[in-house]
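# Topology and contacts: notes
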Amino acid sequence: MESIGERAFQNCSGLISIEMSTDLTSIGQYAFSGCSGLTTIDLPDGVTSIGDYAFSGCSGLTTIDLPDGVTSIGGSTFSDCSSLTFIVLPQSVQGIYGSAFLDCKNLSAIILLSEEPPARESDENGDVSLGFLETTQVFVTPESVDKYRNASNWEDYANRIFPINGNLSISCPTSPQMEEGALTPVTITLKNTGNVPLTSLTASLTNGGEYFTITGLGSTLAAEEETTFTILPNADLVPGTYSATVQVESNLAEPVTDSFTLTVVAEYRPILTPSKTLSQLAIEKIRAAEPGDTVELTPSAGQTNQLDKEVFEELLGKDITLVVNLSGSVSWTVNGQDIPENATL
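Below you will find a few notes about this structure. (Residues numbered from 1 in each chain as written. Predicted model: local features only at pLDDT ≥ 70, side-chain atom pairs only at ≥ 80, totals over all residues. Heavy atoms only, no water.)

### Digging into the packing of aromatic side chains
Describing an aromatic ring pair means giving the distance of the ring centres and the angle of the ring planes. On inspection of all chains with the given rule, the structure shows 14 aromatic pairs. Geometrically, the ring pair formed by Phe312 and Trp332 is stacked, given 6.3 Å between the ring centres and 20° between the ring planes. Highlighted residues: Phe312 in helix H3 (residues 309-315) and Trp332 in strand S23 (residues 331-335), separated in sequence by 20 residues. A network of ring pairs unites the aromatic residues Phe9, Phe32, Phe55, Phe78, Phe101, Phe132, Tyr148, Trp154 and Tyr157 as a single cluster. (Phe/Tyr/Trp six-rings, centres within 6.5 Å; stacked < 30°, edge-to-face > 60°. Helix = DSSP H or I, 4+ residues; strand = E, 2+ residues; numbered from the N terminus.)

What follows is the structure, encoded as structure tokens:
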């Protein structure tokens with residue numbers, strides 16, 4: 001499919017997502033107008049033309065990715081997109097028609113990547129105003145600031161045109177540690193220290209990828225916003241040290257990297273002191289045994305293998321066999337009827 005026709009999905013308020021053909025080149029007028037359930041739109045790279053009112057009234061839309069190839073933004077294209085807080089217009093944009101952003105009540109930033117100021121075209125009502133809020137700021141490449149401010153068709157926005165300052169900072173913990181098998185995540189802090197929102201955030205491991213997996217990084221970070229994501233260690237890491245370097249990239253900032261070394265320590269296995277002595281356990285088992293039974297005892301860690309005389313006094317004269325398992329596959333055995341009545345215990 002190379003085009004989406006006029007009013008194709010108009011007022012489909014239940015439409016929450018759409019996957020567009022990679023062959024798509026144009027979107028007709030009112031194509032998605034009133035689709036209030038849409039929150040994110042990712043246009044294919046081949047799209048060059050977007051009709052008037054194409055996304056007007058998409059009140060739930062928070063993010064739209066315009067490919068570098070779109071040459072113009074039609075009249076009222078994004079009007080009444082009340083959840084849209086910023087938009088990036090690619091360097092291919094040569095013209096913007098009137099009312100393109102009319103009543104976008106939360107639009108705080110428009111980022112234009114074109115080095116030459118796009119033409120301001122009039123809409124169907126002859127209006128060339130873009131419909132910006134008074135608080136909406138326009139960000140352009142640093143080398144283009146004067147061009148925009150001095151352009152006759154942008155002079156009404158001159159006092160709100162600023163250079164793009166895209167910056168990221170990343171911070172890894174200095175010496176994370178976890179117990180073997182615990183799968184304790186390593187938390188990475190990421191901050192947008194620039195003045196524009198950053199999109200297309202991606203994180204990768206330039207080394208250590210065989211030990212760790214990245215999870216939890218969102219795709220967008222507002223100006224001055226801080227977030228965290230996690231690096232999960234593999235379940236099979238044995239005690240030792242494991243190093244990794246994390247790199248994060250975005251659309252408007254240089255890549256940033258930081259490193260950490262995770263120390264995995266052996267699982268702690270405490271030696272438990274038994275609540276009863278071996279002699280106490282032997283007496284309990286002898287008393288519970290029936291004639292002809294065998295009572296078997298194996299000393300636990302921390303238990304002595306010596307038995308008190310009370311054990312033999314309890315066993316004396318009974319047809320019960322007591323077996324005590326010692327270390328090295330050695331054991332000793334005694335039957336109560338084999339203990340002389342006059343034995344000194």
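### What about a negative patch on the surface?
The grouping of Asp42, Asp45, Asp65 and Asp68 at the surface amounts to a negative patch. Following the sequence through the fold, Asp45 ends up in the loop between strand S3 (40-42) and strand S4 (49-50). (Patch = residues over 30% accessible without salt bridge, like charges linked within 9 Å, V, L, I, M, F, W, Y side chains within 5 Å. Areas by Shrake-Rupley, 256 points an atom, 1.4 Å probe, with all protein chains shown as cover. Salt bridge = Lys/Arg side-chain N within 4 Å of Asp/Glu carboxyl O. Lys, Arg positive; Asp, Glu negative; His and termini not counted. Charge placed at Lys NZ, Arg CZ, Asp CG, Glu CD.)

### Let's talk about the sheet that holds strand S13 (residues 168-171)
The four strands lie next to each other as S13-S15-S18-S17, forming an open sheet whose pairing is antiparallel. Of all strands in the sheet, those with a lone pairing partner are S13 and strand S17 (212-215), marking the two edges. Between one strand axis and the next, the sheet turns through 25° on average, direction left out of account. For strand S15 (residues 186-192) and strand S18 (residues 226-233), the ladder comprises six bridges, and the chain directions are antiparallel. Bridging from a neighbouring strand, Ile188 pairs with Phe229 of S18. (Pairing = 2+ DSSP bridges. Axes fitted to C-alpha atoms, helices over the stretch in contact; angles between N-to-C directions.)

### A look at the sheet that holds strand S22 (residues 321-325)
The strands that make up a sheet pair up through hydrogen bonds in the backbone, lying either parallel or antiparallel. An order of S21-S22-S23 is seen for the three strands of this open sheet, with the pairing classed as mixed. Looking at which strands have only one partner, the edges of the open sheet turn out to be strand S21 (294-297) and S23. For this sheet, the mean angle separating the axes of adjacent strands, direction not counted, is 15°. With five bridges connecting them, S22 and S23 associate as antiparallel partners. Within the sheet, the bridge partner assigned to Asn325 lies in S23 and is Ser331.

### Looking at the pairing of strand S11 (residues 137-140)
Note: strand S9 (residues 109-112) against S11, four bridges, orientation parallel. Paired with Ile111 across the strands is Phe139, a residue of S11. The pairing of S11 with strand S12 (residues 161-163) spans three bridges and is parallel. By the bridge assignment, Phe139 is partnered in S12 with Phe162. Each parallel crossover has a hand, and for S11 linked through helix H1 (residues 145-150) to S12 it is right-handed. (Right-handed = clockwise from strand over helix to strand, strands pointing away.)

### A look at the nonpolar core
One finds Phe32, Phe55, Phe78, Leu89, Ile96 and Phe101 to be the most contacted residues of the largest nonpolar core, which totals 44 residues. Secondary-structure elements contributing two or more residues to this core are strand S7 (86-89), S9, S11 and H1. With near-sequence residues (within four places) excluded, Ile96 lies in contact with Ile73, Leu89, Phe101, Leu112, Pro118, Ala119, Arg120, Glu121, Leu130 and Trp154. By size, the runner-up hydrophobic cluster in this structure holds 31 residues, among which are Ile170, Val196, Ile231 and Val256. (Core = buried A, V, L, I, M, F, W, Y, C linked by side-chain atoms within 4.5 Å. Buried < 20%, exposed > 50% of the residue type's maximum accessible area, 1.4 Å probe, protein only. Contact = heavy atoms within 4.5 Å.)

### Focus on unusual backbone geometry
Of note in this structure, Tyr30 is not a glycine but carries a positive phi near 60°. The residue Tyr30 is located in the loop between strand S2 (26-27) and S3 in this model. Of note, Ser200 is a non-glycine position whose phi angle comes to about 55°, a positive value. Considering the arrangement of structural elements, one finds Ser200 in the loop between S15 and strand S16 (202-207). Under the relative-accessibility criterion, Ser200 is labelled partly exposed at 42%.

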